[in-house]
Protein chains: 2
Amino acid sequence: MSATPTYDDLSGTWTRLHRLSHLQSIAGWDQASNMPPKGNEARAAAMAEMAALLHRMRTEPKLKDQLSRAEQEPLDDGQRANLREMRRQWRASNALPESLVTRQQMANSRCEHAWRTQRPANDWAGFVENFREVLACGREEARLLSEQTGLSKYDAMMDRFEPGMTSAHVDRVFGDVRQWLPGLIRDVTAKQARDAVIEPVGPFPTAQQRALCEKVIGILGFDFQAGRLDVSTHPFCGGVPEDVRMTTRFNENEFLISLMGTVHETGHGRYEQNLPRDWLGQPVAEARSMALHESQSLSFEMQLGSHRGFVDRLAPLVAGAFGDQPALAPHNLHRLLTRVKRGLIRVDADEVTYSLHIILRFELEQQLVDGTLALEDLPEAWNARMRDFLGIEVPDDARGVLQDVHWTRAAYGYFPTYALGNVISLQIWRHVERELPDLEAQMERGEFAPLYDWLRERLYRHGRKFTPLETLERAIGEDRIDPQPYIGYLRAKVAELRH
Amino acid sequence: MSATPTYDDLSGTWTRLHRLSHLQSIAGWDQASNMPPKGNEARAAAMAEMAALLHRMRTEPKLKDQLSRAEQEPLDDGQRANLREMRRQWRASNALPESLVTRQQMANSRCEHAWRTQRPANDWAGFVENFREVLACGREEARLLSEQTGLSKYDAMMDRFEPGMTSAHVDRVFGDVRQWLPGLIRDVTAKQARDAVIEPVGPFPTAQQRALCEKVIGILGFDFQAGRLDVSTHPFCGGVPEDVRMTTRFNENEFLISLMGTVHETGHGRYEQNLPRDWLGQPVAEARSMALHESQSLSFEMQLGSHRGFVDRLAPLVAGAFGDQPALAPHNLHRLLTRVKRGLIRVDADEVTYSLHIILRFELEQQLVDGTLALEDLPEAWNARMRDFLGIEVPDDARGVLQDVHWTRAAYGYFPTYALGNVISLQIWRHVERELPDLEAQMERGEFAPLYDWLRERLYRHGRKFTPLETLERAIGEDRIDPQPYIGYLRAKVAELRH
């Protein structure tokens with residue numbers, strides 16, 4: 001007989017949860033990328049039913065006792081970490097009643113589905129009708145999680161995505177950035193206006209864009225035998241680690257946004273595809289935290305994807321896809337990818353302005369969750385900050401408050417993980433450059449394997465064995481999120497652009 | 001308080017079953033049309049977990065008592081029919097232990113997935129390794145269902161797809177056909193060999209084929225707001241009534257097979273899309289039986305799709321898709337669609353030879369289920385019958401015993417429903433011609449609405465309110481499957497070809 005019978009029993013429960021969640025993930029991906037509109041009501045009902053079922057399994061009364069008894073069993077380190085993560089999930093689920101879970105799932109599905117047409121139609125009034133219920137559920141969730149964890153309401157929401165992170169900590173990392181970055185951007189933009197960068201001339205047919213994206217994803221080491229690329233309104237990386245579903249969207253007048261968006265998702269996809277295989281199905285095998293996840297997507301998009309060595313490889317593929325033109329020469333392509341350009345859309349933003357898009361959302365969603373900002377005042381609050389941070393006027397809600405999918409799903413507390421991911425990606429990147437002194441030369445030769453091996457060995461393979469900060473320490477020997485490499489990088493980049 | 005509390009409770013249980021089955025259906029469609037190969041083990045495990053869960057819900061001990069008590073409640077006709085169908089599902093589930101359900105789901109997923117590459121590789125030996133377990137599970141299922149129903153093992157399997165149908169009945173319908181059809185086909189084929197029919201010249205690009213198929217499906221009244229067309233190894237119609245997922249496959253050297261295959265699936269799709277909306281989620285709202293389902297797909301493919309009026313509409317679309325060529329003129333296209341051509345592949349077969357492909361499978365699978373045919377002897381038994389029935393040699397298993405997906409899923413008893421569907425489709429068609437005297441003229445003008453309305457009103461909208469034969473009687477006033485219209489049609493067709 002096993003020496004860890006209760007742990008084994010729990011492990012079996014989480015395997016079942018994982019398998020059923022697999023169906024939920026695929027149905028969610030399908031909802032975003034395939035489902036015809038009349039299918040949504042039935043899909044929403046099906047997914048709400050499953051959410052309730054999973055919730056019921058995670059809140060089974062016997063789990064409480066089992067979790068305590070398993071802690072007395074002779075577990076190894078991996079099992080102990082796994083048990084810790086089981087308890088974490090169990091605790092979060094027990095804070096919420098099943099009725100709220102079902103109600104929330106239905107509200108989110110309905111809001112997200114309608115948003116797909118409301119966004120292009122610039123229909124804020126229509127959006128609010130569904131969003132009111134999403135927000136009500138989200139606030140109720142925040143209240144219950146706050147009661148249970150003792151954290152503030154917003155911090156309790158953020159803790160779902162980034163265990164241990166608080167808004168005070170985010171403020172410490174970004175408080176300073178918020179002050180000096182807007183001025184810097186104004187200067188750089190003025191300087192750049194006098195620079196010559198050649199714009200690519202379209203159209204860029206969708207079929208060629210798709211083929212190009214798939215080629216680039218292949219270079220980035222994504223395993224197409226265990227994943228796919230499809231199209232959705234809002235790009236994301238979903239599915240399951242064994243079958244990763246990335247999405248993008250195409251616009252025939254522009255190809256760089258979709259291409260770099262795909263490179264971004266590939267950073268997520270590779271993390272998922274390289275999680276510890278022996279533990280798949282257990283909580284300890286999931287990606288550690290969303291900031292670490294975003295550190296991967298953002299470093300793929302910004303450090304790797306805009307690297308001269310990478311752009312040198314990219315340029316002939318791009319010219320091959322769309323025909324040669326001056327804009328697609330490596331030097332110009334690199335400038336297109338690295339220029340600073342104040343814009344309305346977060347996912348299209350460059351690495352310098354990106355954090356301001358996040359800080360805007362971070363500030364607003366704290367107020368939304370706390371109830372200090374009324375729903376009706378949200379568009380104006382958004383537009384005021386865009387003016388303040390980036391000096392641009394928001395012409396319509398489609399390109400303003402309606403642009404992101406996150407709030408339709410009540411994913412409050414998620415946005416800060418992008419900005420933290422940005423900071424972490426620079427910490428990691430600086431460290432990698434020190435540990436792999438040949439990195440620059442290797443990348444210029446198109447040799448990415450040493451980098452990929454490093455990431456797998458030092459980050460991906462740990463899953464959730466350690467806390468987020470312990471994981472960072474294992475990877476780079478630092479146990480805190482340090483904004484200095486990020487700040488230094490921005491300053492250097494801006495200096496380079498200004499000269 | 002409701003006057004039917006127990007019935008309402010049961011209805012709630014079946015709504016939950018329907019919602020969870022929705023996720024299973026979409027995951028199954030995805031498995032066949034999207035999933036990358038390395039995703040299969042995890043998918044199979046997820047779907048087996050769900051199959052076990054659904055089975056557990058359908059065999060909950062309290063259901064027995066609830067079903068009895070609900071029968072005492074004051075139900076209307078629809079509710080009573082619904083309760084009858086609940087009991088039917090409950091009884092079938094209770095015949096099988098959960099362990100068999102899980103084992104079978106895993107075996108089928110593995111076999112089907114491997115078959116996708118084993119078929120093109122002509123790898124019978126590899127196939128048998130997985131198929132042995134599929135067959136073992138299927139035989140065990142047949143034994144248990146037989147014990148419970150008192151039917152023979154094969155009939156118990158067939159009853160899952162066609163309630164009330166027996167192999168003796170199938171023999172009565174087809175016994176005669178089996179005798180005279182092979183000779184007739186030999187004569188016709190010899191005659192046709194001297195006829196001139198112009199073969200279309202390819203290639204036929206996949207993108208154009210797909211666009212053509214979508215156009216034709218639209219003419220056939222399929223609602224693309226509530227369904228899709230995708231690609232899979234073996235064409236099927238899946239998904240849920242609110243979101244119907246049809247699949248086809250493309251071959252750039254040939255377009256008619258895929259086009260007519262899509263027309264076939266559209267017959268299924270329209271049935272699903274026109275099931276009684278008010279009852280969706282309850283068993284009574286499902287399509288009545290597989291023979292009735294196949295009668296719709298086969299009449300779309302063969303009576304409607306090969307009708308001169310329809311072909312006249314089709315021809316310019318085809319020429320528009322691939323460029324004009326003599327083969328695509330209406331007259332020649334009609335001959336291509338209606339010629340009798342002995343071939344190796346069932347799904348490509350014309351309406352005259354089709355039944356022989358089915359009878360072959362019907363005979364072999366009865367022996368497989370009974371255990372009177374050893375797995376090792378199956379390819380030779382297949383090939384011998386092809387020689388006997390159609391006078392052709394099977395060059396390899398890829399075009400022989402490995403061609404169908406059904407046996408990988410232990411769907412024994414399904415094939416006869418195709419042949420019965422063929423017979424029923426002619427019965428219905430003859431009746432429609434009498435009831436809609438303008439049908440011929442309408443179709444030649446491209447007016448299909450009167451036909452579609454008739455089908456919805458007389459067949460689709462009943463769902464499972466009545467038994468299969470009662471449903472047939474509601475539609476055409478005949479309460480039995482009568483092969484005479486089918487036989488008459490074949491003879492007339494053959495006579496026309498011969499003259």
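Since this is a predicted model, take the numbers as computed values, not measurements. (Residues numbered from 1 in each chain as written. Chains lettered and ligands numbered in written order. Predicted model: local features only at pLDDT ≥ 70, side-chain atom pairs only at ≥ 80, totals over all residues. Heavy atoms only, no water.)

**Student:** How should I be thinking about the packing of helix α1 (residues 5-33) of chain A against helix α2 (residues 40-58) of chain B in this particular structure?
**Tutor:** When two helices pack together, their arrangement is captured by the angle between the axes and the distance separating the axes. Packing of α1 of chain A against α2 of chain B brings their axes to within 8 Å, and their N-to-C directions diverge by 105 degrees. Comparing their axes, α2 of chain B and α1 of chain A come out roughly perpendicular. Along the contact surface, α1 of chain A presents R16, R19, L20, H22, L23 and I26 of chain A, while α2 of chain B presents A42, R43, A45, A46, M47, E49, M50 and L53 of chain B. Of the residues belonging to the contact of α1 of chain A with α2 of chain B, the class tally is nine nonpolar, one polar and four charged. (Axes fitted to C-alpha atoms, helices over the stretch in contact; angles between N-to-C directions. Helix = DSSP H or I, 4+ residues; strand = E, 2+ residues; numbered from the N terminus. Parallel < 35°, antiparallel > 145°, perpendicular 65-115°, else oblique. Contact = heavy atoms within 4.5 Å. Nonpolar A, V, L, I, M, F, W, Y, C, P; charged D, E, K, R; others polar.)

**Student:** When you look at the side chain of D230 of chain B in this model, what are you seeing that I'm missing?
**Tutor:** Residues and elements named next belong to chain B. By the element assignment, D230 lies in strand β1 (residues 227-231). Under the relative-accessibility criterion, D230 is labelled buried at 10%. Among the polar contacts made by the side chain of D230, one reaches the side chain of R228 at a distance of 2.8 Å. The residues touching D230, leaving out its near neighbours within four places in the chain, are W29, S33, M246, T247 and T248. (Buried < 20%, exposed > 50% of the residue type's maximum accessible area, 1.4 Å probe, protein only. Polar contact = N/O pair within 3.5 Å; in protein donor to acceptor, adjacent residues only side chain to side chain.)

**Student:** Hey, could you run me through the state of the cysteines in this one?
**Tutor:** Simply put, the disulfide is a covalent bond whose two ends are the sulfur atoms of two cysteines. Here the structure, examined in full by the defined rule, presents zero disulfides over all chains. Not part of a disulfide, C137 of chain A finds its nearest cysteine sulfur in C111 of chain A, a span of 11 Å. With no disulfide of its own, C213 of chain B lies 14 Å from the sulfur of C237 of chain B, the closest cysteine sulfur. (Disulfide = S-S within 2.5 Å.)

**Student:** Any chance you could explain the nonpolar core here in plain terms?
**Tutor:** By size, the foremost hydrophobic cluster in this structure holds 131 residues, and its most contacted members are F131, F174, F255, L304, L378, W407 and Y412 of chain A. Residue contacts for F131 of chain A: discarding those within four places in its chain leaves C111, L368, L375, L378, W407, T408 and Y412 of chain A. Listed in part, the 130 residues of the second largest apolar core include V128, F310, L337 and I424 of chain B. (Core = buried A, V, L, I, M, F, W, Y, C linked by side-chain atoms within 4.5 Å.)

**Student:** Just checking my understanding: could you explain the environment of R461 of chain B for this structure?
**Tutor:** Residue and element names in this part refer to chain B. Along the polypeptide, R461 turns up in the loop between α18 (449-458) and α19 (468-476). Residue class for R461 comes out partly exposed when judged on its relative accessible area of 41%. Spatially, the C-alpha atom of R461 lies 44 Å from that of A121, the residues being 340 residues apart in sequence.

**Student:** Even after reading the chapter, I still don't get the relation of the copies chain A and chain B, so can you show me in this structure?
**Tutor:** A rotation about an axis combined with a shift along that same axis relates the two copies of the chain. Turning chain A through 180 degrees and shifting it by 0.0 Å along the axis lays it on chain B, with an RMSD of 0.0 Å. Considering both components of the superposition, the chain copies are consistent with a two-fold axis. Nearest to the rotation axis, the C-alpha of L23 of chain A is located 3.1 Å from it, this being the minimum over chain A. When the interface residues of chain A are mapped onto chain B, 100% of them again fall at the interface, so both copies present the same face. (Least-squares fit on C-alpha atoms with pLDDT ≥ 70 in both.)

**Student:** Would you take a moment to explain the interface of chain A and chain B for this structure?
**Tutor:** A common measure of how large an interface is: the accessible area buried when the components associate. With 34 residues of chain A at the interface, the matching set in chain B holds 34 residues. Interface area, chain A with chain B, both sides summed: about 2800 Å², of which 62% is carbon and sulfur. Interface area lost by chain A to chain B is led by L23, K38 and E49 of chain A, which between them contribute 20%. The partner of D223 of chain A in a salt bridge is K38 of chain B, with the nearest N and O atoms 2.4 Å apart. Where chain A packs against chain B, one counts 14 residue pairs in polar contact (both at pLDDT 80 or more). Mapped onto the side of chain A that touches chain B, the elements with two or more residues apiece are α1, α2 (40-58), β1 (227-231) and β3 (243-248) of chain A. For the side of chain A that touches chain B, the element with the most residues is α1 of chain A, which contributes eleven residues. (Buried area = accessible area lost by both parts, 1.4 Å probe. Salt bridge = Lys/Arg side-chain N within 4 Å of Asp/Glu carboxyl O.)

**Student:** Explain the packing of aromatic side chains here, please?
**Tutor:** Aromatic ring pairs are reported here in terms of the distance separating the ring centres and the angle at which the planes meet. A full pass over the atoms with the stated rule returns 36 aromatic pairs over all chains. Here the aromatic rings of F448 of chain A and Y452 of chain A are separated by 6.1 Å at their centres, their planes lie at 25 degrees, and the arrangement is stacked. Take F448 of chain A: its relative accessible area is 4%, and that puts it in the buried class. When its relative accessible area of 8% is taken as the criterion, Y452 of chain A is described as buried. Between F310 of chain B and F448 of chain B, the aromatic rings sit 5.7 Å apart at their centres with planes inclined by 65 degrees, giving edge-to-face as the arrangement. Remark: F448 of chain B occurs in the loop between α17 (439-444) and α18 and F310 of chain B occurs in helix α12 (residues 308-322); sequence separation between them is 138 residues. (Phe/Tyr/Trp six-rings, centres within 6.5 Å; stacked < 30°, edge-to-face > 60°.)

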